[in-house]
Amino acid sequence: MKRYTLIGPFTQLLPMTGLAVNGPIPDADLPLVEDAGVLLENGIIHSLGRYTEMLSLANDLKAEKMELEGNHSCFPGFVDAHTHICFAGSRARDYALRNAGKSYLEIAKAGGGIWDTVTQTRKASREDLAAGIIKRAKRHLKNGVTTLEVKSGYGLSVDEELKMLRAIGDANKETPSDLIATCLAAHMVPRDYEGTPSAYLEEMAQTLFPVLKAEGLTNRVDAFIEEGAFSQADIAPYFEQAKAMGFDITVHADQFSTGGSEVALAHGAVSADHLEASTNKEIHLLAQSEVIATALPGASLGLGCNFTPARKILDAGGALAIASDHNPGSAPMGDLLTQATVLGAFEKLTNAEVLAGITFRAAAALKLSDRGKLAKGFLADFSVFHTKDYREVLYHQGAFKPCSVWKAGKLIFDKHKG
Ligand code: NIG
Ligand code: FE
């Protein structure tokens, strides 16, 4: 049955339409609908425009009306295209050690780092992990994030990776936001694995990939290309196998040293994420490719290191998504809007570029063409802020929170109701 709902009026609505996936976006190009209404048909946008026009259409269609009072600015629901929110334990000790002068790799080698989280995550049950994901996804939701990618990668054995990916699937059923799972079995070679990195990857490809397909757990495969993780040569057969089975590829690339973005290009990855260490060479190669460059300012803030060269990537014609990388090690903050606006301030990104990075460009990094914009046929996912000027939202660098969040046309967070 068709159910119509009219929502509005919004003082300002940012549809994020008509903008290219690649390259710079001047703020003057940002489309803005003033005094806007959105008419929904069962959770999908049926039409959008001036509230008065939408009102007469709504009356014709006998739509239910959700009338807003006061000033509101409406954005597409934010998309966080890179997180690791499936984990157990804390790495507060790592953070303290790092700030006392130890490097990320030194801490990892001394028993902290990713392996510490693997140990904690292996001890947790599938139910515990799902509960942790739900709790974190809810916090993201209150910050306006309606779609979240979630990686495995703290299991690092067939059974433990499956536990994580099944927990992500369980959590997806329990949270209003959409969780997009990614297999990161290639996060590092587990300390308890007796064999070469290639042998570990081969075992994962042979044993884990078919179960991922059979259970429909994910269609995305990620790898961490770095010293202490996997080399370009290690990963090639793994990614080839993944591609042959129809998985999309994404890469943790150029975080501390270069090499990962080359892997992303060689294997036709959807995105190359991190890129803090990318030089002009990598920036230009990525910009000329179809690969989306995903900046993770939360990891720069968590590790106290430089930001991804986002300005250069855009100026070279690249596609820039911005994600939180929310994880217990490098990016414990997990506040996408704060991080995106801080990246914008340091990298001199326009408001339009920051917003594109957490809406339609982030959706493109997940190959999702039904969200990240507000237009006919798109999902009715909105983040709504109590202001008449949308610029106030970025100006407050994440301290200004949404007053309501809508997912597929349903009001799922209302500040007044908590
Ligand atoms: O994206 N770089 C590799 N992986 C994560 C960190 C994971 C961790 O430290 O637990 C990242 O930063
Ligand atoms: Fe990451």
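It should be emphasised that the depicted structure is a prediction, and the values quoted were computed from it without experimental measurement.

(A) Highlighting the coordination of the iron ion (ligand 2). Each protein donor to the iron ion (ligand 2) is listed here as H82 (NE2), H84 (NE2), H252 (NE2) and D325 (OD); together their distances run 2.0 to 2.3 Å. Site description for the iron ion (ligand 2): donor spacing in sequence, H-x1-H-x167-H-x72-D. A residue pair is termed long-range when its members are at least 10 positions apart, and H82 in the loop between β6 (78-80) and α2 (92-99) and D325 in the loop between β13 (320-322) and α13 (336-347) qualify at 243 residues. A relative accessible area of 0% means that H82 is categorised as buried.

(B) Structural context of the domain arrangement of the protein chain. By the assigned domains, the protein chain splits into domain 1 (4-76 + 373-414) and domain 2 (79-365). In this assembly, 33 residues from domain 1 lie in contact with 36 residues from domain 2. Taking both sides of the interface into account, the surface hidden between domain 1 and domain 2 amounts to around 2500 Å²; carbon and sulfur atoms contribute 65%. Between domain 1 and domain 2 we count two salt bridges in total. Between D178 and K407 there is a salt bridge, with its nearest N and O atoms 2.8 Å apart. Counting residues per element, the ones that place at least two in the side of domain 1 that touches domain 2 are β5 (73-76), β14 (382-385), α16 (391-395), β15 (404-407) and β16 (410-414). The residue makeup of the side of domain 1 that touches domain 2, split by class, is 22 nonpolar, five polar and six charged.

(C) Just α13, in detail. The end-to-end C-alpha distance of α13, which contains 12 residues, comes to 16 Å, matching closely the 16 Å that a straight helix rising 1.5 Å per residue would cover. For α13, the tally of buried residues reaches 10 of 12 residues, placing the bulk of the element in the interior. Residues of α13 that are buried: L336, L337, T338, Q339, A340, T341, V342, L343, G344 and E347.

The rules behind each value
- Along each chain, residue indices are assigned from 1 in the same order as the chain's sequence is written.
- The naming scheme follows written order: chains are lettered A onward, ligands numbered 1 onward.
- Reporting in this predicted model follows two pLDDT cut-offs: at least 70 for local features of residues, and 80 or more for side-chain atom pairs to be given and counted; totals over whole chains, interfaces and linings ignore these cut-offs and use all residues.
- Hydrogens and water molecules were not included; the side-chain quantities draw on all heavy atoms of the structure.
- Sodium, potassium and calcium take a 3.2 Å donor cutoff, other metals 2.8 Å, and in both cases only N, O and S atoms count; water is not among them, so sites may look incomplete.
- Secondary structure follows DSSP: runs of H or I at least 4 residues long count as helices, runs of E at least 2 residues long count as strands, and numbering of each begins at the N terminus.
- Only protein chains enter the accessibility calculation, which uses a 1.4 Å probe; a residue is then buried when its area is under 20% of its type maximum, exposed when over 50%, and partly exposed in between.
- Domain delimitation in this document rests on an assignment produced automatically or drawn from a domain database.
- When checking whether two residues touch, look at their non-hydrogen atoms; a contact exists if any pair is within 4.5 Å.
- Once two parts are joined, some of their accessible surface, as seen by a 1.4 Å probe, is lost; buried area is that loss totalled over both.
- Throughout this description, the term salt bridge denotes a Lys or Arg side-chain nitrogen within 4 Å of a carboxyl oxygen of Asp or Glu.
- Residue polarity is assigned by list, with Asp, Glu, Lys and Arg as charged and Ala, Val, Leu, Ile, Met, Phe, Trp, Tyr, Cys and Pro as nonpolar; anything else, Gly included, falls into the polar class.
- Working rule for helices: expected span equals 1.5 Å times residues minus one.

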